[in-house]
Amino acid sequence: MQVLQVQLAVQADPAEVGRARRWVRSRLLNHGVDPDAPMAETVVLVVSELVTNAVVHTGCPAVLRLCLPMADGPREDGPAAPLRVEVVDASQAPPTPRHAGADEDATNGRGLELVELLCERWGWYPDGPGKRVWCEIGSDARPADPLADVDWAALAQ
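Please read all numbers here as calculations on a predicted model, not as lab measurements.

One finds Val24, Val43, Leu50, Val51, Leu64 and Val85 to be the most contacted residues of the largest nonpolar core, which totals 33 residues. The set of elements that each furnish at least two residues to this core consists of β1 (3-10), α1 (16-30), α2 (38-58), β2 (62-69), β3 (83-89), α3 (111-118) and β5 (130-137). The leading source of residues in this core is α2, at 10 residues. Residues in contact with Leu64, not counting those within four places in the same chain, are Val6, Gln7, Leu8, Val10, Ala20, Trp23, Val24, Val47, Val51, Val85, Glu86 and Val87.

So, in structure tokens, the structure goes:
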């Protein structure tokens, strides 16, 4: 299967996260994916989490890469094979899931938990002087609000 690979350089500025989300939406639309499809919403959320982790925790620029499987024609529900998201940063520190605890109002600490929940697979590996964090999202991705029924108090125990 052929794959279209596109990438975006991201500066070490939290404002870049919004730019990355807009860029991903436009790339998906150009690839024939309905921007309101659950898969597209999931990709945007995952990109937001991974780019945030890269720019906030490393303080260094990063590269966001989308690997889009090529289909014979446009599909409203997304590509036939999983779409791959990669974020390469300059830190050698492995991504470490943190637990936000039972505080439902906490604004951070759930990023990698979301990635694990929303993606078919995810992982990381050393890449040159830094690392590459990757994930794969299928066309049957869950809706962007998969946490509506999560019992946060039970998870914090």
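Turning our attention to the environment of Ala54. Take Ala54: it is sitting in helix α2. The spatial distance from the C-alpha of Ala54 to the C-alpha of Val87 is 7.5 Å, given a sequence separation of 33 residues. Apart from the residues lying within four places of it in its own chain, the contact partners of Ala54 are Gly59, Cys60, Ala62, Val87 and Asp89.

Within the secondary structure, Ser48 sits in helix α2. According to the relative accessible area criterion, Ser48 is buried, its value standing at 11%. With 30 residues separating them along the chain, Ser48 and Gly18 place their C-alpha atoms 7.6 Å apart. With near-sequence residues (within four places) excluded, Ser48 lies in contact with Val17 and Arg21.

If you walk across this open sheet you meet the five strands as β1-β2-β3-β5-β4, and the pairing is antiparallel. If you trace the sheet from one side to the other, it starts and ends with β1 and β4 (121-127), each paired once. In this sheet, neighbouring strand axes are inclined to one another by 15° on average, regardless of whether the strands run parallel or antiparallel. Sheet analysis places β4 next to β5, joined by seven bridges and oriented antiparallel.

Our next topic: the pattern of salt bridges. The tally for this structure, following the rule as stated, stands at eight salt bridges. Notably, a salt bridge pairs Arg65 with Glu86, separated by 3.2 Å at the nearest N-O pair. One end of the pair, Arg65, is in strand β2; the other, Glu86, is in strand β3, and 21 residues separate them in sequence. Residue class for Arg65 comes out buried when judged on its relative accessible area of 11%. With its nearest N and O atoms 2.6 Å apart, the salt bridge here joins Arg132 to Glu86. With a gap of 46 residues between them, Arg132 in strand β5 and Glu86 in strand β3 connect regions that are remote in the sequence. As far as the burial class goes, Arg132 and Glu86 line up, both buried. Through salt bridges that share partners, Arg65, Arg84, Glu86, Arg121, Asp127, Arg132 and Glu136 make up one connected network.

Position of Asp89 relative to the elements: it lies in strand β3. At a separation of 2.9 Å, a polar atom in the side chain of Asp89 contacts the main-chain amide nitrogen of Ser91. There is a polar contact of 3.0 Å between the side chain of Asp89 and the side chain of Lys131. Each residue touching Asp89, except ones within four places of it in the same chain, is listed here: Ala54, Thr58, Pro61, Ala62, Gly130 and Lys131.

Here is what the cut-offs are and how they apply
Just so you know, the residues in each chain are numbered from 1, in the order the chain's sequence is written. Owing to the predicted nature of the model, reporting of local features is limited to residues with pLDDT of at least 70; listing and counting of side-chain atom pairs is limited to 80 or more, with chain, interface and lining totals taken over all residues. Hydrogens and water are ignored here; the side-chain numbers use all heavy atoms of the structure. Take the buried Ala, Val, Leu, Ile, Met, Phe, Trp, Tyr and Cys residues and link them wherever side-chain atoms come within 4.5 Å; each set so joined is a nonpolar core. Throughout this description, buried means an accessible area under 20% of the type-specific maximum (1.4 Å probe, protein chains only), exposed means over 50%, and partly exposed covers the range between. Here a strand is any run of E in DSSP of at least two residues, a helix any run of H or I of at least four, and the numbering for each starts at the N terminus. Contacts are assigned to residue pairs that have any heavy atoms within 4.5 Å of one another. For two strands to pair, DSSP has to find at least two bridges joining them. With axes taken as lines fitted to C-alpha atoms, and helix axes fitted only over the stretch in contact, angles between N-to-C directions fall between 0 and 180 degrees. The salt bridge criterion pairs a side-chain nitrogen of Lys or Arg with a carboxyl oxygen of Asp or Glu, the two atoms within 4 Å. Any N or O atom pair separated by 3.5 Å or less is treated as a polar contact, with the protein-specific requirement of one donor-capable and one acceptor-capable atom, and with residues adjacent in sequence counted only for side-chain atom pairs.

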